[in-house]
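Fold and contact review
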Amino acid sequence: MLLLRAVFAGVWALALPVLLSLTPACLSALPPRNETARVARYVMHHCDWGALATISTHSPVTGQPFNNVFSVSDGTQGASTGTPYFYLTAMEISVQDLQVNPNASFTVSLAQTPFCRKAGYDPQSPLCAHVIFCGSIQTVNGTEASTAKQVLFSRHPEMATWPTDHNWFFAKLNITNIWLLDYFGGIKTVTPEEYYDAKP
Ligand SMILES: *[C@@H]1O[C@H](CO)[C@@H](O)[C@H](O)[C@H]1NC(C)=O
Ligand SMILES: *[C@@H]1O[C@H](CO)[C@@H](O)[C@H](O)[C@H]1NC(C)=O
Ligand SMILES: *[C@@H]1O[C@H](CO)[C@@H](O)[C@H](O)[C@H]1NC(C)=O
Ligand SMILES: *[C@@H]1O[C@H](CO)[C@@H](O)[C@H](O)[C@H]1NC(C)=O
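The structure contained in this document is the topic of the report that follows. Keep in mind it's a predicted model, so treat the numbers as computed, not measured. (Residues numbered from 1 in each chain as written. Chains lettered and ligands numbered in written order. Predicted model: local features only at pLDDT ≥ 70, side-chain atom pairs only at ≥ 80, totals over all residues. Heavy atoms only, no water.)

The tally for this structure, following the rule as stated, stands at five salt bridges. The salt bridge partner of glutamate 35 is arginine 38, with a shortest N-O separation of 2.8 Å. Note that glutamate 144 and lysine 172 form a salt bridge whose closest N and O atoms lie 3.2 Å from each other. With a gap of 28 residues between them, glutamate 144 in helix 5 (residues 142-155) and lysine 172 in strand 6 (residues 169-181) connect regions that are remote in the sequence. Overall, glutamate 144 belongs to the partly exposed group, its relative accessible area being 25%. Ionic contacts of the salt-bridge type, sharing partners, join the residues Asp48, Asp74 and Arg155 into one network. (Salt bridge = Lys/Arg side-chain N within 4 Å of Asp/Glu carboxyl O. Helix = DSSP H or I, 4+ residues; strand = E, 2+ residues; numbered from the N terminus. Buried < 20%, exposed > 50% of the residue type's maximum accessible area, 1.4 Å probe, protein only.)

With that settled, consider the state of the cysteines. Across all of its chains, the model carries one disulfide by this definition. For cysteine 116, the disulfide goes to cysteine 128, at an S-S distance of 2.1 Å. Taking the sign of the S-S torsion, about 100 degrees here, the bridge from cysteine 116 to cysteine 128 comes out right-handed. Placement of cysteine 116 in helix 4 (residues 114-119) and of cysteine 128 in the loop between helix 4 and strand 5 (130-139) is noted, with a sequence separation of twelve residues between them. Assigned by exposure class, cysteine 116 and cysteine 128 land together as buried. Between cysteine 47, a cysteine without a disulfide, and cysteine 116, which holds the nearest cysteine sulfur, the sulfur-to-sulfur distance is 8.9 Å. (Disulfide = S-S within 2.5 Å.)

The next thing to look at is the site of ligand 4. Near ligand 4 the following residues occur: Gln138, Asn174 and Thr176. Here glutamine 138 contributes a side-chain N or O atom positioned 2.7 Å from an oxygen atom of ligand 4. Coverage of ligand 4 by the protein amounts to 30% of the 360 Å² it exposes when considered alone. (Near = heavy atom within 4 Å. Polar contact = N/O pair within 3.5 Å; in protein donor to acceptor, adjacent residues only side chain to side chain. Areas by Shrake-Rupley, 256 points an atom, 1.4 Å probe, with all protein chains shown as cover.)

With that settled, consider helix 5. The end-to-end C-alpha distance of helix 5 is 21 Å, a good match for the 20 Å that 14 residues give at a rise of 1.5 Å each. Listed as buried for helix 5 are Ala145, Ala148, Val151, Leu152, Phe153 and Arg155. The inward-facing, buried residues of helix 5 contact helix 2 (36-46), strand 3 (85-88) and strand 6. (Expected span 1.5 Å × (residues − 1). Contact = heavy atoms within 4.5 Å.)

Pasting the structure below:
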């Protein structure tokens, strides 16, 4: 096991200069990888969608994890808030799960952007930065709903045309825990306070 690890570490050590030499221009915009909270904010802001896991309420997988794709926005382009906002309808299978148990996990990855493809990073490579959020999905109201509408519709213009009889509403993930994988050496945690305090 130790030997394997050493071999792997060796392979990565050799691969790293090659990988870094393939770095796309946009990598300069990625905050230093040791600035964990800023990297998490960067990844969240640059993703337009993510995978939302709920606890299923639907037979035959009742009580089991259920992962589904949702459009997301944490701010108009270049103006990150850090908060993942969603446009949801109770007609949707995962939203029906959330009505029973609002606890959820949401994942976004730079594999969804040109970043990893241009650099040649496999989505599972730690260099292809990805973030896992846990928390609960909450309906947003009042001025926050206006904010959610603006940040979502600016990045997902098609939403404005979605059928009104589906009773769409705005929601957010109330983040309780954050994990970031952006470099070798294991996953890192970021507190919601560090995340919201970070300058993206
Ligand atoms: C990140 O690393 C740079 C260079 O090694 C160092 O100057 C900086 O203080 C580090 N930042 C944090 C938050 O550790
Ligand atoms: C949601 O998660 C919290 C922990 O963050 C837990 O206390 C609560 O019981 C969970 N809710 C449900 C409905 O499972
Ligand atoms: C928004 O209003 C709904 C319904 O009144 C409520 O359940 C929810 O907690 C509110 N959301 C927030 C973030 O206050
Ligand atoms: C967000 O979740 C935390 C932890 O579960 C809870 O204490 C807090 O009240 C929630 N925030 C809102 C706006 O409901």
